[in-house]
Amino acid sequence: MNANLSADFTQSNWSSPLEELHFYSCNFTGRLPHSIGRSNSMRIVDLADNSFTGFIPQWIWNTTEFIDLGSNYFTGELPSSVNGSMISNLQVLLLHDNMLNGSIPSWLFALPSIVALELSGNQFTGQISAEILSNSLWEIDLSYNNLGGTVDLDMFSKLKNLWLLSLSGNNLSVLTYPTKSNWSNLAHLELSSCNLSEFPDFLRESSQMSELDLSNNQIHGKIPVWMQNLGLEGDGLFLANLSNNSITGGLENLPWEGIGILNLRFNRLSGEIPLSICSSNQLWSKIPLDETKKEAYPKTQRKKAQLRIAK
């Protein structure tokens, strides 16, 4: 990262073959030149947090291990197909916070080695209908696009190591029950604005849960007893956003011991605030509750773990 560095990639000479390209947060602008594609040995491309524009060039899809183009101004659609032999070992693909559009191609969910897939903050449309064949996936972030239709969470049933799933901020109706999926490793679940009407029952198996966002739905009824067990086998439920629902009853079933950020605004809760709130030594009382999620877990926090995977 070098905030004082800036340049236009189109004016550079890319005659030498490259294996790694690291220009994270360097204030680069303009389009990515096609001449970089002369190298057939590219393993890692990290160009996140710049101001690149235009279409993603074809040579990007020959990168073999790690691609991060997040937080730029790339436009256009993703290719309908790629060279499977070149990209079969790709582990991390981060395209979040651009202006990409069109449908999400099915090959993204069929990469045999993919671990982290982040497409959030774009303008993708259509439905999430492709069969997920990539059993290696542990992070899927499709949030804040223009995706529509109905999503049955059973489509993720093969992902035994799924650690993060985010479908928030689309036009989806998510079916959460019944489900055959194994959610024992799930630690981050974001289903804000997913037309939920009740607490997802499968969460009772989520003993590793640390971040839960069910805000902006139509959830009614009381907070279930099994909420007390969320995160018991991990570091505890640190963030819970249940705001903008129709939840009733009291707060006695929340896991107060480890919780750090709690958003319950705009519900129909009643009763007393339990004394167990005093057992939480992590509660962040000064953070604005309507902005806690983005402040607490920016995507750059996850980037460190993803870099370790690729290297």
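Residues numbered from 1 in each chain as written. Predicted model: local features only at pLDDT ≥ 70, side-chain atom pairs only at ≥ 80, totals over all residues. Heavy atoms only, no water.

Participant: Tell me about the packing of aromatic side chains, and name the residues and values.
Facilitator: Evaluated as defined, the whole model comprises six aromatic pairs. Relative to Phe52, the ring of Phe28 lies with its centre 6.2 Å away and its plane at 35°, an arrangement referred to as tilted. Of this pair, Phe28 sits in the loop between strand E1 (20–22) and strand E2 (29–30) while Phe52 sits in strand E4 (residues 51–55), placing them 24 residues apart in sequence. Taking the relative accessible area as the measure of exposure, Phe52 reaches 0% and is therefore buried. With 6.2 Å between their ring centres and 20° between their planes, Phe52 and Phe74 make a pair best called stacked. Taken as a pair, Phe52 in strand E4 and Phe74 in strand E6 (residues 73–77) lie far apart in primary sequence, 22 residues in all. Within the aromatic cluster, the residues linked to one another by ring pairs are Phe23, Phe28, Phe52 and Phe74. (Phe/Tyr/Trp six-rings, centres within 6.5 Å; stacked < 30°, edge-to-face > 60°. Helix = DSSP H or I, 4+ residues; strand = E, 2+ residues; numbered from the N terminus. Buried < 20%, exposed > 50% of the residue type's maximum accessible area, 1.4 Å probe, protein only.)

Participant: I'd like a description of the side chain of Glu211, backed by residues and values.
Facilitator: In this fold, Glu211 is placed in strand E16 (residues 211–213). A polar atom in the side chain of Glu211 sits 2.8 Å from the side chain of His188. (Polar contact = N/O pair within 3.5 Å; in protein donor to acceptor, adjacent residues only side chain to side chain.)

Participant: Lay out the pattern of salt bridges in plain terms, naming residues and giving numbers.
Facilitator: Following the criterion strictly, the structure yields five salt bridges and no others. Measuring nitrogen to oxygen at the nearest pair gives 3.3 Å for the salt bridge that ties Glu131 to Lys158. Taken together, the residues span a long stretch of sequence, with Glu131 in the loop between strand E10 (123–126) and strand E11 (139–141) and Lys158 in the loop between strand E12 (146–152) and strand E13 (164–166) at a distance of 27 residues. Among the ionic pairs, Asp201 bridges to Arg204, the shortest N-O distance being 2.9 Å. (Salt bridge = Lys/Arg side-chain N within 4 Å of Asp/Glu carboxyl O.)

Participant: Give a detailed account of the sheet that holds E16, specifying residues and quantitative values.
Facilitator: Spatially, the 11 strands line up as an open sheet ordered E1-E3-E5-E7-E9-E11-E13-E15-E16-E18-E20, and their pairing is parallel. Single-partner strands in this sheet number two, and they are E1 and strand E20 (261–263). Ignoring which end each strand starts from, the neighbouring axes of this sheet average 10° apart. In terms of strand pairing, strand E3 (residues 44–46) meets strand E5 (residues 66–68) through three bridges, oriented parallel. In the strand pairing of E5, Val45 is matched with Ile67. (Pairing = 2+ DSSP bridges. Axes fitted to C-alpha atoms, helices over the stretch in contact; angles between N-to-C directions.)

Geometry only, nothing functional implied.
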